[in-house]
Amino acid sequence: MSSLLIKNGVIVTAHEAYQADIFVDGEIIRTIGKNLTVNADRVIDADRRYVFPGGIDVHTHMELPFMSTESSDDFYSGTRAGLFGGTTTIIDFAIQTQGDTLTAAYQQWREKAKKSVGDYAFHVAVTDFNNNTRLEIKDLILNHGVTSFKTFMAYKGALMVDDRQIFELMEETAKYGAMVTAHCENGDVIDALVKRAIERGESAPKYHALTRPPIAEAEATSRFIDLAYAGDYPCYIVHMTCKEALDRVRRVQERNQKVLVETCVQYLLLDDSLYDQGFNGAKYVMSPPLRTKADQDALWSGLRQNLVHTVATDHCPFCMEQKKMGEHAFNKIPNGAPGIEHRVPLMFSEGVVKNRISLNKFVEVTSTMPAKIFGLYPKKGAIAVGSDADLVVFDPSNEYVLSAKTHTMNCDYSAYEGFNVKGHVDMTILRGSVVVEDNVASVERGFGAYVARRPYAWKNL
Ligand code: URP
Ligand code: ZN
Ligand code: ZN
């Protein structure tokens, strides 16, 4: 086991920013203090740089079989891209095949993820909740550390479940301290709108957005919140995109209900005008779709007002050749876009540098809250004695331009092509190992570790 001494950096947590040194012994932070003189195998000078806790992206889809193809980053390339961008841990989705068991999905994803270079955990996505799958819940939570379960209120005929399944899943998972999350869009309404559009010959990517209106998201968001309220269960809404949905969260604040909300970088920074470019708009075909600039403003306000708690990516890349499956019908374009590599730098550059959020809020929404909500804290998401030494040495003054030509994600386009970014991940440290330094990764395939999570974490929020 080797040791590191990180000197002279400004340590930034969700609550403070202060100058101090960090001594890392093996995988763990052992000491934090001013002018530490301890001997270490390597001394890193972080002068004029920030030291953040490793980023945690709680919404990714590596090598996801979806819409007759598979997302183009596997667990190796995807988690490696995460490390380049300061994300040291992901929570991916192990998705149940309808008719099969939850445990089979969990085991299958564990197997796929063995090649990861970043740490990882899983939400198990339940697509078929019945008396048999009910029996698997306790084991997954207590023996495998799966403390969150995902449901889809959209993707009718594929992943979608009905309200009864969601409610009964909440009932069963709450018994053991786990939480249900949901993709909130009204799948029936969308299914009808898509059918009509295709019948009318409206085949271009822009119709993807037009057939998934904000009201379909707001309605499902409200319904999901109410289902949770009916049983006094916690709930977590994934990838919220718009003001209408956020207003449904705002409306229930007086209930003192635990409603946790995630948005993604793309919904904060990109808007629906990107669909007005013919088939190129397919790059942005994702569900829910991109919304308006007014929606972006609402989401930034939601972050500041503690109504939105985490910023993830929903990283689900497909190359243009795959997107072309929907050249003649938008509903055949695989849904999803790349993002994991740039979440942390973009949130710093567009959030902190542009004064939309504070430096502490930036750490809170990209690392600490994701860890707290999903039972990873204080092992992850913290710079504290005893925590995993997952650290990012970040230069706030380095400016550069994003491009598919320079990113490492396995995707032939960037959703942020041409974006100017201020703030660069100079070094990423995962459990005490320097895994990225000066844009070079040195980490062995399989270095990433599975992280079993603690139940009842959301109770302390
Ligand atoms: O378009 C998306 N979001 N693709 C991934 C699956 C999902 O809905 O999260
Ligand atoms: Zn989704
Ligand atoms: Zn997703």
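Residues numbered from 1 in each chain as written. Chains lettered and ligands numbered in written order. Predicted model: local features only at pLDDT ≥ 70, side-chain atom pairs only at ≥ 80, totals over all residues. Heavy atoms only, no water.

1. Structural notes on the sheet that holds strand 5 (residues 28–33)
Keep this limit in mind: Two strands are said to pair when DSSP picks up at least two bridges between them. In DSSP terms, a helix is any run of H or I states spanning at least four residues, a strand is any run of E spanning at least two, and both are numbered starting from the N terminus. What counts as an axis is a line fitted to C-alpha atoms, over the stretch in contact for a helix, and the angles between N-to-C directions run from 0 to 180 degrees.
The mixed open sheet is built from four strands, whose spatial order is 5-4-1-6. Each edge of the open sheet carries a strand with a single partner, namely strand 5 and strand 6 (42–45). Along the sheet, successive strands turn relative to each other by an average axial angle of 20 degrees, direction set aside. Two elements, strand 1 (residues 3–7) and strand 4 (residues 21–25), share four bridges in a ladder whose sense is antiparallel. Residue pairing in the sheet places I6 in a bridge with I22 of strand 4.

2. Some remarks on the coordination of the zinc ion (ligand 3)
Under the convention used in this document: Shown as donors are all N, O and S atoms within 2.8 Å of a metal ion, widened to 3.2 Å for Na, K and Ca; because water is not in the atom set, sites may appear incomplete. Irregular is the default label, applied whenever a site is not tetrahedral (four donors, all angles between 85 and 135 degrees) and neither square planar nor octahedral (four or six donors, opposite donors over 155 degrees apart, all other angles between 65 and 115). Partly exposed residues are those whose accessible area sits between 20% and 50% of the maximum for their type, while under 20% is buried and over 50% is exposed, using a 1.4 Å probe and protein chains only.
Around the zinc ion (ligand 3), the protein supplies H59 (NE2), H61 (NE2) and D314 (OD) as donor atoms, at distances of 1.9 to 2.2 Å. For the zinc ion (ligand 3), the four donor atoms are set out with angles of 86 to 134 degrees between them, so the coordination reads as tetrahedral. Taken in chain order, the donor set of the zinc ion (ligand 3) reads H-x1-H-x252-D. If you look at the zinc ion (ligand 3) and the zinc ion (ligand 2), they sit 3.7 Å from each other. Comparing H59 with H61, the two get one shared label, buried.

3. A short note on the nonpolar core
Note that soluble globular proteins tend to have their nonpolar side chains buried in a common cluster. We apply this condition: In this text, buried Ala, Val, Leu, Ile, Met, Phe, Trp, Tyr and Cys residues form a nonpolar core when linked through side-chain atoms within 4.5 Å. Should any heavy atoms of two residues lie within 4.5 Å, those residues are counted as being in contact.
F149, F224 and F362 are the most contacted members of the largest nonpolar core, which has 124 residues in total. The element best represented in this core is helix 14 (residues 359–373), accounting for seven residues. Excluding anything up to four places from it in sequence, F362 contacts F52, V344, M347, F348, V352 and I357. Counting 17 residues, the second largest nonpolar core, distinct from the first, contains A20, L391, V393 and M427.

4. Some details on the site of ligand 1
Filter applied, for reference: Nearness here has a simple test: a residue counts as near a molecule or strand if at least one of its heavy atoms is within 4 Å of that partner. Throughout this description, a polar contact denotes any pair of N or O atoms lying within 3.5 Å of each other; where both atoms belong to protein, one of them has to be capable of donating a hydrogen while the other can accept it, and for residues adjacent in sequence the pair is counted only when both atoms sit in side chains. In these tables, accessible area is a Shrake-Rupley quantity obtained with a 1.4 Å probe, and a residue counts as shielded only by the protein chains included in the view. Throughout this entry, Asp, Glu, Lys and Arg are counted as charged residues, while Ala, Val, Leu, Ile, Met, Phe, Trp, Tyr, Cys and Pro are counted as nonpolar. The remaining residues, Gly among them, count as polar.
Neighbouring residues of ligand 1: H59, H61, F66, Y155, H183, H239, M286, S287, D314, C316, N335 and G336. One of the side-chain nitrogen or oxygen atoms of Y155 is found 2.6 Å away from an oxygen atom of ligand 1. The separation between a nitrogen atom of ligand 1 and a polar side-chain atom of D314 is 2.5 Å. Here ligand 1 has 260 Å² of accessible area as a free molecule, and 99% of this is covered by the chains. Looking at the shell around ligand 1, its residues break down into four nonpolar, seven polar and one charged.

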